[in-house]
There are 2 protein chains.
Amino acid sequence: MQLKSQVEWALHCCTVLGGLPAGRYIPAKALAEFHNVPKEYLSKALQSLSQAGIVESILGKAGGYRLARPMAAITILDIVEAVEGRRSTFACSEIRANNPCRPTGHRDTGPCAIARVMWNADEAWRQSLAGVRLSDIAETLSAEVPGEILARSTQWLLDRAG
Amino acid sequence: MQLKSQVEWALHCCTVLGGLPAGRYIPAKALAEFHNVPKEYLSKALQSLSQAGIVESILGKAGGYRLARPMAAITILDIVEAVEGRRSTFACSEIRANNPCRPTGHRDTGPCAIARVMWNADEAWRQSLAGVRLSDIAETLSAEVPGEILARSTQWLLDRAG
């Protein structure tokens, strides 16, 4: 079980967009080139982020994407769920109901014990992701990535921004 | 991102096998019939459980599967990883290295900040699963499933056991 590649791309793109000055938009083409990922598949992820209200886009020559809210108001879970959906990683198909020994018409009083354990673990995963904001990632990167690379990257993106 | 159906089946099968008296084996056919799942796909999951040392099997007319260790010595994570593998749910493809502004030959000092956040969440999911033993599930089911269904199920399985 693995997340789509677009989750990784979306996380990197949102981090990049968070570094933009207010009012600037980055085209999908530039985001794809910066990360060397296929533009068509990246665009789908950007559309999902847009539908989730994480990024906003404008069309046209100077168009592109920017964050729709401050980095501190976007969690990693927001981004992951925008791309992957909110469906639990465990789908209970109620196979306990297939037991040939159950009386006809027997009704369970609650969800299966096995499903509950699996859903709890899914919740622990989501809580971990909800506990990190995009601004936390940006802070870590500021401390870890050499200033020269950060400055050159910002300039590279601004040269292509609307 | 969702777990294979076989994870659900494996969890139910291990719970069922844990209710067997010592020395008895349940054929894959009976496990498939009890849960109404396709025997061929279930067999693959049972083979994975066998390779992971969670169940053991014997061949032949009275053959089948039983748990290889006590229920208290098997965690839900053991079963999930036997079927799904241990690979992290987040695969970092190092797209930061594609940044056109990085000097040639630049080497990062550690894993990407984004990957670390995603791996931590994966670990939180696994820890949650590792904190529940198969014996905990059996206890919950004993308390929740009507005694009559449990008794009839055990008899149904023993009638087909080696």
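Thresholds, definitions, all that
- Residues numbered from 1 in each chain as written.
- Chains lettered and ligands numbered in written order.
- Predicted model: local features only at pLDDT ≥ 70, side-chain atom pairs only at ≥ 80, totals over all residues.
- Heavy atoms only, no water.
- Contact = heavy atoms within 4.5 Å.
- Buried area = accessible area lost by both parts, 1.4 Å probe.
- Salt bridge = Lys/Arg side-chain N within 4 Å of Asp/Glu carboxyl O.
- Polar contact = N/O pair within 3.5 Å; in protein donor to acceptor, adjacent residues only side chain to side chain.
- Helix = DSSP H or I, 4+ residues; strand = E, 2+ residues; numbered from the N terminus.
- Expected span 1.5 Å × (residues − 1).
- Buried < 20%, exposed > 50% of the residue type's maximum accessible area, 1.4 Å probe, protein only.
- Axes fitted to C-alpha atoms, helices over the stretch in contact; angles between N-to-C directions.
- Parallel < 35°, antiparallel > 145°, perpendicular 65-115°, else oblique.
- Left-handed = near helix turned anticlockwise from the far one by under 90°.
- Nonpolar A, V, L, I, M, F, W, Y, C, P; charged D, E, K, R; others polar.
- Disulfide = S-S within 2.5 Å.
- Least-squares fit on C-alpha atoms with pLDDT ≥ 70 in both.

(A) View of the interface of chain A and chain B. Each partner contributes to the interface: chain A provides 56 residues, whereas chain B provides 56 residues. Each partner contributes to the roughly 5,100 Å² buried at the junction of chain A and chain B, and carbon and sulfur atoms together form 67% of this total. Looking only at chain A, the three residues that lose the most surface to chain B are M1, Q2 and I95 of chain A, adding up to 16% of its buried area. Summed over the shared surface of chain A and chain B, the result is two salt bridges. Note that R116 of chain A is salt-bridged to E144 of chain B, the shortest N-O span being 2.8 Å. The interface formed by chain A and chain B holds 14 residue pairs in polar contact (both at pLDDT 80 or more) in total.

(B) Structural view of helix α3 (residues 39-51) of chain A. Residues and elements named next belong to chain A. Between its first and last C-alpha atoms α3 spans 18 Å; for 13 residues at 1.5 Å apiece the expected length is 18 Å, and the two agree. Within the sequence span of α3, burial applies to L42, S43, A45, L46, S48 and L49. Summarising the contacts, the buried residues of α3 are in contact with α1 (5-18), α2 (28-35), β1 (55-58), β2 (64-67) and α4 (76-84).

(C) Geometry of the packing of α1 of chain A against α4 of chain A. Residues and elements named next belong to chain A. At their nearest, the axes of α1 and α4 sit 9 Å apart, and the two run at 135° to each other. With respect to each other, α1 and α4 are oriented oblique. Where α1 crosses over α4, the two elements pack in a sense that is right-handed. Of the residues in α4, those in contact with Q6, V7, A10, L11 and C14 of α1 are I76, I79, V80, V83 and E84. Looking at the contact of α1 with α4, its residues break down into eight nonpolar, one polar and one charged.

(D) Layout of unusual backbone geometry. The phi dihedral of N36 of chain A is positive, around 55°, even though this residue is not glycine. As for its placement among the helices and strands, N36 of chain A is situated in the loop between α2 and α3.

(E) Region of interest: the state of the cysteines. Residue and element names in this part refer to chain B. In the structure shown here, the tally under the stated rule is zero disulfides over all chains. Counting only cysteine sulfurs, C14 is the nearest neighbor of C13, a cysteine outside any disulfide, at a range of 7.0 Å. For C92, which is in no disulfide, the shortest distance to another cysteine sulfur is to C112 and amounts to 5.5 Å.

(F) Representation of the relation of the copies chain A and chain B within the structure. Each copy superposes on the other: chain A lies on chain B with an RMSD of 0.0 Å after a rotation of 180° and an axial shift of 0.0 Å. Taken together, the rotation angle and the small translation identify this as a two-fold axis. Minimal C-alpha distance to the rotation axis in chain A is attained by W125 of chain A, lying at 2.4 Å.

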